[in-house]
Amino acid sequence: MPPPRKIIIDTDPGQDDAVAILLALASPELDVLGITAVAGNVPLARTEENVRKICELAGRRDMAVYAGADRPLTRDLVTAEYLHGVTGLDGPDLPAPTMPLQAMHGADFIVETLRNAAPGSVTLCTLGPLTNIALALQQAPEIAAAIAEIVSMGGGFFEGGNVTPAAEFNIYVDPEAAVIVFGSGVPVTLIPLDVTHQCLTTQARLDAFYALGTTAGTAVGELLSFFERYDEAKYGTDGGPLHDPCVIAWLLTPEIFGGKLINVEVETASRLTQGMTVADWWGVTDRVPNVRYLRDVDADAFFQLLVEHIRLL
Ligand code: RIB
Ligand code: CA
């Protein structure tokens, strides 16, 4: 087996973030260098605590967890308690964490880690607004050379938006940060709603987690059972879209996804469409391709990968 892939996870847990983190921690193919929390689904005080709750659930009290930005670069914070509950991890009753939070700011951890890393050796996995990544790139542009790829859950085009008709939540919360990241010249793989809306947490799929009969399996079932209720009512589907674990699944089994390198720009000015990812899928502009935009996924293979890895915890 090749050496494990070095990754940093930047996240705003969030039940789907939690499952993504569990998947990463269950994967010997990945070496998680640290996890940085960002304000998003719920305020930073909650997201950093939730990261530590999830690490303890996975038996990883040794993980380095950092608190990053408590608000977007220039805008007021928009949160999503309506979807995630007031704690951001409603569903299971996870105990308050006792593992430490690192003192360093999350963006500083990203900068320091990348400054000391070999060229193209670290992958950034972003599960929330891109504020921490943008701060790090602004603080130390030279760190871009150390980044192999930024794999980011965010955006949408054929599926439209989820927080407005035009914008997906992670990009909507901090569109200025997305402009910086998408314009950084670093290879970006974007996993938008066009993919995640194909990954529905149907009852049969939830049952597979409960059937593991493990603490982690039951917690995943409870996390997703809470998380899906809002979207089931909104979309009228059996199950809701499962977003963030797709980022980790891309690292583990890229062959179950499909997409292509295109230009993606982010709207920051329009009252109606701010935060929209304008994906030039058909190449009708001469704008430079800057993002590998994923559009297809084998959802059954995705959930099979997820269950098989959660079983290991
Ligand atoms: O739009 C879905 C994204 O916004 C997911 O990352 C979810 O956790 C929220 O952060
Ligand atoms: Ca998230």
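Located above this text is the structure these notes cover.
Just checking my understanding: could you explain the sheet that holds strand β4 (residues 122-126) for this structure?
One key point about sheets: their strands pair by backbone hydrogen bonds, in either a parallel or an antiparallel sense. Strand order in the open sheet made by the 8 strands is β3-β2-β1-β4-β5-β6-β10-β7, with mixed pairing throughout. For this open sheet the edge positions go to β3 (65-67) and β7 (257-262), each flanked by a neighbour on one side alone. Taking the axes of each pair of neighbouring strands and ignoring which way they run, one obtains an average angle of 25° across the sheet. With 5 bridges connecting them, β4 and strand β5 (residues 147-153) associate as parallel partners. For Leu124, the partnering residue across the bridge sits in β5 and is Ile150. Taken strand by strand, helix α11 (residues 245-252) contacts β1 (5-11), β2 (30-37), β4, β5, β6 (188-191), β7 and β10 (291-297), and its axis lies near 140° from that of β5.

Can you walk me through the coordination of the calcium ion (ligand 2) in this structure?
As a benchmark, a tetrahedral metal site with four donors has ideal angles of 109.5 degrees, while an octahedral site with six donors has ideal angles of 90 or 180 degrees. Around the calcium ion (ligand 2), the protein contributes the donor atoms Asp12 (OD), Asp17 (OD), Asp17 (OD), Leu127 (O) and Asp244 (OD), which lie 2.2 to 2.6 Å from the metal centre. When the donors of the calcium ion (ligand 2) are listed by position in the chain, the intervening gaps give D-x4-D-x109-L-x116-D. Within this pair, whereas Asp17 is found in helix α1 (residues 15-25), its partner Asp244 is found in the loop between α10 (215-235) and α11, the two being separated by 227 residues in sequence.

Before we go on, may I ask you to explain the site of ligand 1 in this structure?
Neighbouring ligand 1 are 13 residues, the closest being Asp16, Leu127, Asn162, Glu168 and Asp244. At 2.7 Å, a side-chain N or O of Asp16 approaches an oxygen atom of ligand 1. A distance of 2.8 Å is found between an oxygen atom of ligand 1 and a side-chain nitrogen or oxygen belonging to Asn162. In the complex, the protein chains occlude 97% of the 270 Å² of accessible area that ligand 1 would expose alone. With respect to the pocket detection grid, ligand 1 is positioned in the largest cavity. Elements that contribute at least two residues to the shell around ligand 1 include exactly α1 and α6 (169-173).

Help me understand the packing of aromatic side chains in this model?
Here the distance between the centres and the angle between the planes together describe a pair of aromatic rings. For the structure shown, the criterion picks out 8 aromatic pairs. Put simply, the rings of Phe157, Phe158, Trp281, Trp282 and Tyr293 pair up and form one aromatic cluster. One cation-aromatic arrangement involves Arg295 over Phe158; the distance from NZ or CZ to the ring centre is 3.4 Å. Here Arg295 stacks its cationic end above the ring of Trp281, 5.2 Å away from the centre of that ring.

Reading the values: rules and limits
- Residues numbered from 1 in each chain as written.
- Chains lettered and ligands numbered in written order.
- Predicted model: local features only at pLDDT ≥ 70, side-chain atom pairs only at ≥ 80, totals over all residues.
- Heavy atoms only, no water.
- Pairing = 2+ DSSP bridges.
- Helix = DSSP H or I, 4+ residues; strand = E, 2+ residues; numbered from the N terminus.
- Axes fitted to C-alpha atoms, helices over the stretch in contact; angles between N-to-C directions.
- Contact = heavy atoms within 4.5 Å.
- Donors = N, O, S within 2.8 Å, 3.2 Å for Na, K, Ca; no water.
- Near = heavy atom within 4 Å.
- Polar contact = N/O pair within 3.5 Å; in protein donor to acceptor, adjacent residues only side chain to side chain.
- Areas by Shrake-Rupley, 256 points an atom, 1.4 Å probe, with all protein chains shown as cover.
- 1 Å grid on protein atoms, 1.4 Å probe; cavity = no way out; pocket = protein on both sides within 12 Å on 5 of 7 lines; lining within 4 Å.
- Sits in = over half its atoms within 2 Å of the grid points.
- Phe/Tyr/Trp six-rings, centres within 6.5 Å; stacked < 30°, edge-to-face > 60°.
- Lys NZ or Arg CZ within 6 Å of the ring centre and 35° of its normal.

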